[in-house]
Amino acid sequence: MAQAPGFLPYWTGRQHSAESTVFCLPHAGGGASAYHHWVGADPALDVQPVQLPGREDLIGTAPVPDAARLVSLLGPQIADVSSGRTVLFGHSMGAVLAAELTAWLHRQGAHVPALLVVSSRRGGPCHRPTAEQLTATSSDEEIVAGLLRMGGTLREVLDDPQLRALLLPTVRNDLLLLDRYRRGYGDRELPVPLLVCAGREDTVTADELGDWSTHTARECQVRTFPGGHFYLRHQRRALFRAVREALGTTGLPSSAPPRKEHHAADAADAAP
């Protein structure tokens with residue numbers, strides 16, 4: 001494509017030599033910049049953050065508080081640029097969107113991902129936030145307190161009246177999306193393998209993570225990492241390694257000797 005797709009702000013800088021393209025969907029209130037430090041960080045994974053309407057470089061567009069409608073907007077662009085081996089990755093609210101996008105691509109007969117990665121989100125019938133029971137009707141004070149507890153937003157942002165005024169409507173829109181959300185695919189309908197990830201100090205339980213296995217007809221792996229709801233901010237290398245292992249790739253140049261990897265050393269792999 002000569003021009004970057006509207007929802008893929010990093011597309012023009014993509015890694016053509018990467019083995020897989022990873023489309024990343026953000027948490028509630030987040031945008032594509034949440035994955036800025038992931039872009040270009042792994043030679044095997046071409047990380048492509050997905051921008052949602054109403055935030056960052058799409059601030060002039062209307063936010064979409066409905067998962068099905070949002071997927072119908074994102075789906076055609078993802079389908080248009082998908083080729084080779086792709087991965088859909090979603091964190092928290094983004095996990096809901098990534099799963100629904102996978103189902104949408106399958107129903108459309110489009111290119112489906114080789115792997116779906118869902119992060120910090122319960123499986124099964126319950127799709128409430130894993131770390132806070134915030135809703136679209138929560139007060140500004142409750143939302144701010146919840147964001148601070150989850151650790152995904154800098155206090156300096158929330159303490160600044162202008163920045164807070166920009167952020168809170170986006171968060172409230174996404175909470176409304178989650179309040180309204182009803183799963184749009186049936187049991188065992190997702191036709192791809194799942195990698196389910198979470199921080200060990202998050203409130204989601206091992207059983208709730210394992211409930212994602214009811215959504216796929218393929219294998220489902222669960223991996224946990226040091227940290228809480230936003231563990232991925234500090235476990236980038238370990239998370240990339242888990243994705244590569246689930247795909248069966250090493251992330252090393254073909255001429256490089258293999259490294260010995262030890263899952264027990266995940267904490268030593270922390271990276272911003």
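One structure accompanies this document, and this report is about it. Everything numeric here is computed off the predicted structure, so don't read it as measured data. (Residues numbered from 1 in each chain as written. Predicted model: local features only at pLDDT ≥ 70, side-chain atom pairs only at ≥ 80, totals over all residues. Heavy atoms only, no water.)

## Considerations on the overall build of the protein
Filter applied, for reference: What counts as a helix is a DSSP run of H or I of at least four residues, what counts as a strand is a run of E of at least two, and both are numbered from the N terminus. Contacts between residues were defined by any pair of non-hydrogen atoms, one from each residue, lying within 4.5 Å.
When you go through the protein residue by residue, the secondary structure sums to seven helices and six strands. Reading the secondary structure of the protein in the N-to-C direction produces β-β-α-β-α-β-α-α-α-β-α-β-α. Sequence-distant contacts, at least 24 apart, represent 76% of the contacts inside the protein between residues at least 6 apart.

## Some remarks on the layout of surface pockets
Note the threshold: Cavity means a closed set of points on a 1 Å grid over the protein atoms alone, one where a 1.4 Å probe fits but cannot get out, pocket means an open set with protein on both sides within 12 Å along at least 5 of 7 lines, and lining means a residue has an atom within 4 Å of a point. Grid points are joined across faces, edges and corners, and a volume is the space filled by probe spheres set on the points. Amino acids are sorted into nonpolar (Ala, Val, Leu, Ile, Met, Phe, Trp, Tyr, Cys and Pro), charged (Asp, Glu, Lys and Arg) and polar (every other residue, Gly among them).
Approximately 980 Å³ is the volume attributed to the largest pocket. Every residue lining the largest pocket is counted, 39 residues in all, and those nearest its centre are His27, Gly29, Gly30, Gly152 and Arg233. Listed by contribution, the elements that provide at least two residues to the lining of the largest pocket are helix H3 (140-150) and helix H5 (161-180). Looking at the lining of the largest pocket element by element, the count peaks at seven residues for H5. Here the residues of the lining of the largest pocket are counted per class, giving 21 nonpolar, 12 polar and six charged.

## Some words on the sheet that holds strand E2 (residues 45-49)
Quick note on the threshold: Whether two strands pair comes down to DSSP finding at least two bridges between them. Fitting a line to C-alpha atoms yields each axis, with helices limited to the stretch in contact; the angle taken between N-to-C directions then spans 0 to 180 degrees.
A sheet is described by the order of its strands in space; here six strands give the open sequence E2-E1-E3-E4-E5-E6, paired in parallel fashion. Two strands bound the open sheet, and with one partner strand each, they are E2 and strand E6 (220-225). Neighbouring strand axes in the sheet, compared pairwise and without regard to direction, differ in orientation by 20° on average. Relative to E2, strand E1 (residues 20-25) is paired through five bridges, and the arrangement is parallel. Pairing of Cys24 across the sheet is with Pro49, part of E2. Each of E1, strand E3 (86-91) and strand E4 (115-119) is contacted by helix H2 (residues 93-107), which is oriented at about 145° to E3, the strand it contacts most.

## Regarding the state of the cysteines
Quick note on the threshold: We call a pair of cysteine sulfur atoms a disulfide whenever their separation is within 2.5 Å. Three exposure classes are used, based on accessible area relative to the maximum for each residue type with a 1.4 Å probe and protein chains only: buried under 20%, partly exposed in between, and exposed over 50%.
Counted according to the given criterion, the structure contains zero disulfides. Between Cys220, a cysteine without a disulfide, and Cys197, which holds the nearest cysteine sulfur, the sulfur-to-sulfur distance is 10.0 Å. Accessibility expressed as a relative area gives 25% for Cys220, which makes it partly exposed.

## Points about empty space enclosed by the protein
Applying the stated criterion to the full structure yields one cavity of 30 Å³ or more. Approximately 40 Å³ is the volume found for the largest cavity. In terms of lining residues, the largest cavity is bounded by Val22, Trp38, Leu45, Val47, Phe89, Leu239, Phe240 and Val243. Mapped onto the lining of the largest cavity, the elements with two or more residues apiece are E2 and helix H7 (236-247). Ranked by residues supplied to the lining of the largest cavity, first place goes to H7 with three residues.

## Quick word on H3
For clarity, the cut-off: As used here, the arc belongs to the directions running from the helix axis to the C-beta atoms.
Looking at H3, one finds that the buried residues are Ile143, Val144, Gly146, Leu147 and Met150. Projected onto a plane normal to the axis of H3, the buried residues spread over an arc of 165° and lie on a single side. What points out from H3, more than 90 degrees from its buried face, is the exposed set Glu141 and Arg149. At its buried positions, H3 is contacted by helix H4 (155-159) and H5. Note on H3: the residue one or two positions beyond its end, Gly151, has a positive phi of about 85°.

## Observations regarding unusual backbone geometry
Backbone geometry at Glu56 places phi at a positive 50°, although glycine is not the residue there. For Ser92, which is not a glycine, the phi torsion comes out positive at approximately 60°.

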